[in-house]
Amino acid sequence: RGPARSGAGSVTDVWSERAEAYRGAADQSAGDDLELLVSWAEGRTALDVASGGGHTARRLREAGFEVVTLDPAPGMAADVLARAEGIPFADSSFDVVACRIAPHHFEDVRAAVGELARVARDLVLIEDTLYAGEQVEEAELLRDPTHVRSYTEQEWRGLLEQAGLTVEEVRTLEKSRPVDAWLERAGCTGEEAERVKALLGDRVADGRYVDTKILLRARKA
């Protein structure tokens, strides 16, 4: 779900190797956050960008949408192999464009949001991890070297507005998962895993890690 960084085809290789774990991850495949995002969708056609394990696409299809999936990692088995920064579709190709829990991996998030807006006919729906401080950023990067950055609500509003979109609704939801499974999914074990837990502090309790997701619905003018 992260992009290939310069000189780093290995990043997409990493995500291909993780594909099965993300397809089976309970915190990715369900939750109030996923249901809210899908409930916002309108129209008939949808593009799921950085589709990962395919959970957003599955729920959109169940809701009656014709869905195309796009991801840069071959192992994710998306319909289209491409980065979010370079979506190979014409302007206004889809009624709704969704991107769930992936933008914090994008090398150039501004370019990616511009592409989401360009290929959307009407709506852009985004969910990602909300920025929670530099200590949490350090933990995220240690857990997963493909992490680039999480963003604040203000930063997200700015990115969407600069792409010519009007932000209609913003919601934040807490999301919980077993911390050890979350670490292992990214191959983070041993001393590094303990360091991540220490950096996260009281966000880890009773063996579970709780973070905050931000969901944004934005419409083209």
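Residues numbered from 1 in each chain as written. Predicted model: local features only at pLDDT ≥ 70, side-chain atom pairs only at ≥ 80, totals over all residues. Heavy atoms only, no water.

## Some words on the overall build of the protein
The line we're drawing: Runs of E in the DSSP output that reach at least two residues are strands. Runs of H or I that reach at least four are helices, and both are numbered from the N terminus. Each residue is placed in one exposure class: buried if its accessible area under a 1.4 Å probe, protein chains only, is under 20% of its type's maximum, exposed if it is over 50%, and partly exposed if it falls in between. Note on definitions: a residue-residue contact is assigned when non-hydrogen atoms from the two residues lie within 4.5 Å. In these tables, accessible area is a Shrake-Rupley quantity obtained with a 1.4 Å probe, and a residue counts as shielded only by the protein chains included in the view.
Tallying secondary structure elements over the protein gives 9 helices and 8 strands in all. Counting the 221 residues in the protein, one finds 52% classified as buried. Restricting to contacts in the protein with at least 6 residues of sequence separation, those with at least 24 account for 73%. Approximately 9300 Å² of the protein is accessible, and the part contributed by carbon and sulfur atoms is 47%.

## Concerning the pairing of strand S5 (residues 120–129)
This is how the line gets drawn: A pair of strands is treated as paired once DSSP finds two or more bridges between them. Consider the strands pointing away from the viewer: the crossover is right-handed when the path from the first strand over the helix to the second runs clockwise.
Counting buried positions over the 10 residues of S5 gives 8, a clear majority of the element. Sheet topology note: the strand S4 (residues 94–100)/S5 ladder contains 6 bridges and is parallel. Note that in S5 the partner of Val 97 across the bridge is Val 124. For the segment spanning S4, helix H5 (residues 109–119) and S5, crossover handedness is right-handed.

## Description of the environment of Ala 78
The topology assignment puts Ala 78 in the loop between strand S2 (66–71) and strand S3 (80–81). Apart from residues lying up to four places away in sequence, Ala 78 is in contact with Ser 51, Thr 69, Leu 70 and Asp 71.

## Comments concerning the side chain of Thr 45
We apply this condition: Polar contact is defined as a pair of N or O atoms within 3.5 Å, subject to the rule that within protein one atom must be able to donate a hydrogen and the other to accept it, and that residues adjacent in sequence are counted only when both atoms are side-chain atoms.
In this structure, Thr 45 sits in strand S1 (residues 45–49). In terms of polar contacts, Thr 45 uses its side chain to reach the backbone amide nitrogen of Asp 95, at 3.0 Å. Setting aside its immediate chain neighbours within four residues, Thr 45 contacts Phe 65, Glu 66, Ser 93, Phe 94, Asp 95, Val 96 and Arg 121.

## Quick look at the nonpolar core
Generally speaking, soluble globular proteins have nonpolar side chains that are buried together. The following threshold applies: To qualify as a nonpolar core, a set must consist of buried Ala, Val, Leu, Ile, Met, Phe, Trp, Tyr and Cys residues joined through side-chain atoms within 4.5 Å.
Of all hydrophobic cores here, the largest spans 32 residues; its most connected members are Leu 47, Val 49, Val 97, Phe 106, Leu 116, Trp 156 and Leu 160. Of all the secondary-structure elements, those providing two or more residues to this core are S1, S4, H5, S5, helix H7 (153–162), strand S6 (165–178) and strand S8 (208–220). Non-local contacts of Leu 47, meaning those with residues more than four positions away in its chain, are made with Val 68, Leu 70, Ile 87, Phe 89, Phe 94, Val 96, Val 97, Ala 98 and Val 119. Of all hydrophobic cores here, the second largest spans 16 residues; its members include Leu 36, Trp 40, Ala 57 and Leu 125.

## Thoughts on the pattern of salt bridges
Let me state the cut-off plainly: Whenever a carboxyl oxygen of Asp or Glu lies within 4 Å of a side-chain nitrogen of Lys or Arg, that contact is scored as a salt bridge.
By the definition in use, this model includes 27 salt bridges. Between Asp 33 and Lys 175 there is a salt bridge, and its shortest N-O distance comes to 2.8 Å. Here Lys 175 lies in strand S6 and Asp 33 lies in helix H3 (residues 32–40), a separation of 142 residues in the sequence. Residue classification places Lys 175 among the buried positions, given a relative accessible area of 8%. Salt bridges sharing partners connect three or more residues here, namely Glu 42, Asp 122, Glu 168, Glu 169, Arg 171, Arg 217 and Arg 219.

## Considering the side chain of Thr 146
As for its position among the elements, Thr 146 is in the loop between helix H6 (134–143) and H7. In terms of polar contacts, Thr 146 uses its side chain to reach the side chain of His 105, at 3.1 Å. A polar contact is formed between the side chain of Thr 146 and the side chain of Asp 144, at a distance of 2.8 Å.

## Let's talk about H5
Taken as a whole, H5 has its buried residues at Val 109, Ala 112, Val 113, Glu 115, Leu 116, Ala 117 and Val 119. Residues of H5 that are buried in the fold lie against S1, S4, S5, H7, S6 and S8.

## Quick word on the environment of Gly 114
Of note, Gly 114 is situated in helix H5. Sequence spacing of Gly 114 and Gly 86 is 28 residues, and the spatial spacing of their C-alpha atoms is 9.6 Å.

## Details of the confidence of the model for the protein
The condition is simple: Here pLDDT means the predictor's own confidence in every residue, given as a number from 0 to 100.
Counting all residues, the mean pLDDT for the protein is 90, and 86% of those residues have values of 70 or more. This model gives residues 1–9 a pLDDT under 50, and the stretch forms 34 contacts once residues within four places in sequence are excluded.

## Quick notes on the packing of aromatic side chains
Condition: Centres within 6.5 Å make a pair out of two Phe, Tyr or Trp rings, where for Trp the six-membered ring is used; the pair is then stacked when the planes are under 30 degrees apart, edge-to-face when over 60, and tilted otherwise.
Taken as a whole, this structure holds 3 aromatic pairs when the rule is applied. Between Phe 89 and Phe 94, the ring centres sit 5.0 Å apart and the planes meet at 85 degrees, which makes this aromatic pair edge-to-face. Owing to a relative accessible area of 6%, Phe 94 belongs among the buried residues under this scheme. Geometrically, the ring pair formed by Trp 182 and Tyr 209 is tilted, given 4.5 Å between the ring centres and 40 degrees between the ring planes. A residue pair is termed long-range when its members are at least 10 positions apart, and Trp 182 in helix H8 (residues 179–185) and Tyr 209 in strand S8 qualify at 27 residues. Residues Trp 182 and Tyr 209 agree in their burial class; the two are buried.

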